[in-house]
Amino acid sequence: MVFSTLFSELYHSIKKTPNSGEVAQYIPELALVDPNKFGVSLVKLNAENFHFGDAQEKFSIQSIAKVLSLTLAYKICGEKLWERVGVEPSGTAFNSLVQLEYEKGIPRNPFINAGALVVADVLVSELKNPNDDFLAFVNQLCHTQVSYSKQVAASEKSCAYVNTALINLMKSFGNIKNDIDQVMDLYFNLCSIEMTCQELSQTFLFLANDGVCPLSEQEIIDHSKSKRINSIMQLCGFYDEAGEFSFKVGLPGKSGVGGGIVVVRPHEFSMAVWSPKLNAKGNSFLGTKFLEKFTTKIDYSIF
Ligand code: DON
């Protein structure tokens, strides 16, 4: 199937739906993005790839990077990682504080902000040069040179009131081992990574291929861990909208407040969509609609 034609058809049909979302405002730099951008890119395991719209334009991947930090921390620590962060859906917003006190500073999963901060803490403990080493890991996956955005990282740092509360609460329970500023700097940096849809779909292809990057044939993470990361994406990748995303789209994936969504269909492809306006749960409004139409039209959910 030539996906580019299908992308164009689906895009023109969802454009008729009023885009009632809002571009993320709480990180000032993200509020400057053109709300009308739309890109989509699909890469198959055999390297065939299809793109549409603004697929070659860089955007802030934000929480999508949490899958990559989890991959590296899980690769290094193995199952011991789960002593510090859970694998259960939270049913709460991505930056919620409510469960953390009851659950003694152990975040529900690695994709809510609290969990991603613990994963960043693990990387600060384990890597010699955490910021450089993490970026080198990401570059090995996407096969191009991507970088942190200094402006976006600084912009997030300037008003990180909730993340500061989350990390301090976890530090009080002993679940943050390093200096808070050092951990937060790595966290803001990893969220600030900029990629195109094309780079993003390429980066996630290893999760559609049992942990092996099909281009380099290098094992990024073992088969069992790759399956487990996909299962966490399926259940926790969209926060308190994870059930609805699974219900309507039916693929493991991850969203970011920059308006990106990446999904994988194991043993077939990885796909990235970008549209900056977000729904009330912080997930791309048109991106979600597009993926729902895509998997419905060609019966491509995993179920
Ligand atoms: O920590 C934050 O709030 C942002 N850097 C990332 C949040 C995010 O992308 C949530 N995803 N939908």
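Described below are features of the structure shown in this document.

Criteria and cut-off values
Residues numbered from 1 in each chain as written. Predicted model: local features only at pLDDT ≥ 70, side-chain atom pairs only at ≥ 80, totals over all residues. Heavy atoms only, no water. Salt bridge = Lys/Arg side-chain N within 4 Å of Asp/Glu carboxyl O. Buried < 20%, exposed > 50% of the residue type's maximum accessible area, 1.4 Å probe, protein only. Helix = DSSP H or I, 4+ residues; strand = E, 2+ residues; numbered from the N terminus. Pairing = 2+ DSSP bridges. Expected span 1.5 Å × (residues − 1). Arc of directions from axis to C-beta. Contact = heavy atoms within 4.5 Å. Polar contact = N/O pair within 3.5 Å; in protein donor to acceptor, adjacent residues only side chain to side chain. Core = buried A, V, L, I, M, F, W, Y, C linked by side-chain atoms within 4.5 Å. Near = heavy atom within 4 Å. Areas by Shrake-Rupley, 256 points an atom, 1.4 Å probe, with all protein chains shown as cover. Nonpolar A, V, L, I, M, F, W, Y, C, P; charged D, E, K, R; others polar. Phe/Tyr/Trp six-rings, centres within 6.5 Å; stacked < 30°, edge-to-face > 60°. Lys NZ or Arg CZ within 6 Å of the ring centre and 35° of its normal.

## Re the pattern of salt bridges
- Evaluation of the coordinates by the stated rule reveals 13 salt bridges.
- The salt bridge partner of K80 is E83, with a shortest N-O separation of 3.5 Å.

## Here's the deal with the pairing of strand β2 (residues 39-44)
- Across the six residues that make up β2, a large majority, five, are buried.
- In the sheet, β2 pairs with strand β3 (residues 49-53) via five bridges, with the strands oriented antiparallel. Considered in β3, the bridge of S41 is made with H51.
- Sheet analysis places β2 next to strand β10 (residues 269-274), joined by six bridges and oriented antiparallel. Pairing of K44 across the sheet is with F269, part of β10.

## Observations regarding helix α7 (residues 161-172)
- The terminal C-alpha atoms of α7 lie 17 Å apart, and with 12 residues this matches the ideal 16 Å at 1.5 Å per residue to within 8%.
- Within the span of α7, buried status applies to N163, L166, I167 and M170. Burial along α7 is one-sided: seen end-on, the buried residues are contained in an arc of 90 degrees. What points out from α7, more than 90 degrees from its buried face, is the exposed set Y161 and S172.
- Contacts made by the buried residues of α7 are with α3 (98-102), α4 (113-126), α6 (150-157) and α8 (180-191).
- Among the residues trailing α7, G174 stands out with phi positive, at a value near 80 degrees.

## Details of the side chain of N175
- Within the secondary structure, N175 sits in the loop between α7 and α8.
- Of note is the side chain of N175, whose polar atom sits 2.9 Å from the backbone oxygen of G105.
- With sequence-adjacent residues up to four places away left out, N175 is seen in contact with R84, G105, I106, P107, V118, D121 and M170.

## Brief notes about unusual backbone geometry
- The backbone phi angle of E217 is positive, close to 60 degrees, even though this residue is not glycine.
- Examined against the element boundaries, E217 turns out to sit in the loop between β6 (212-213) and β7 (218-219).
- In this model, Y239 sits at a positive phi of 55 degrees, which is unusual for a non-glycine residue.
- Within the fold, Y239 resides in the loop between α10 (223-236) and α11 (242-248).
- Residue class for Y239 comes out buried when judged on its relative accessible area of 6%.

## Let's talk about the nonpolar core
- Membership of the largest hydrophobic core comes to 66 residues, with the highest contact counts inside it found for F134, I193, L200 and F204.
- The dominant element in this core, judged by the number of residues it contributes, is α4, at nine residues.
- Here F204 is in contact with I64, V67, L68, M233, V262, V264 and S270, once residues within four sequence places are set aside.

## A few points about the site of the ligand
- For the ligand, the set of nearby residues contains 14 residues, the closest of which are Y26, Q62, S63, E156 and Y187.
- S63 is positioned with one of its side-chain polar atoms (N or O) 2.6 Å from an oxygen atom of the ligand.
- Contact between the ligand and G282: a nitrogen atom at 3.2 Å from a main-chain N or O atom of the residue.
- When the free accessible area of the ligand is taken as 340 Å², the share hidden by the protein chains comes to 100%.
- Its residues assigned to classes, the shell around the ligand comprises six nonpolar, seven polar and one charged.

## Thoughts on the packing of aromatic side chains
- This structure, assessed with the given rule, holds 18 aromatic pairs.
- Where Y187 meets F188, the ring centres are 6.0 Å apart and the plane angle is 65 degrees; that geometry is what we call edge-to-face.
- The class for Y187 is buried, based on a relative accessible area of 2%.
- Pairwise contacts between aromatic rings join F3, F7, Y11, F38, F50, F52, F269, F290, F294 and Y300 into one cluster.
- Its guanidinium or amino end placed over the ring of Y74, K225 lies 5.4 Å from that ring's centre, counting from NZ or CZ.

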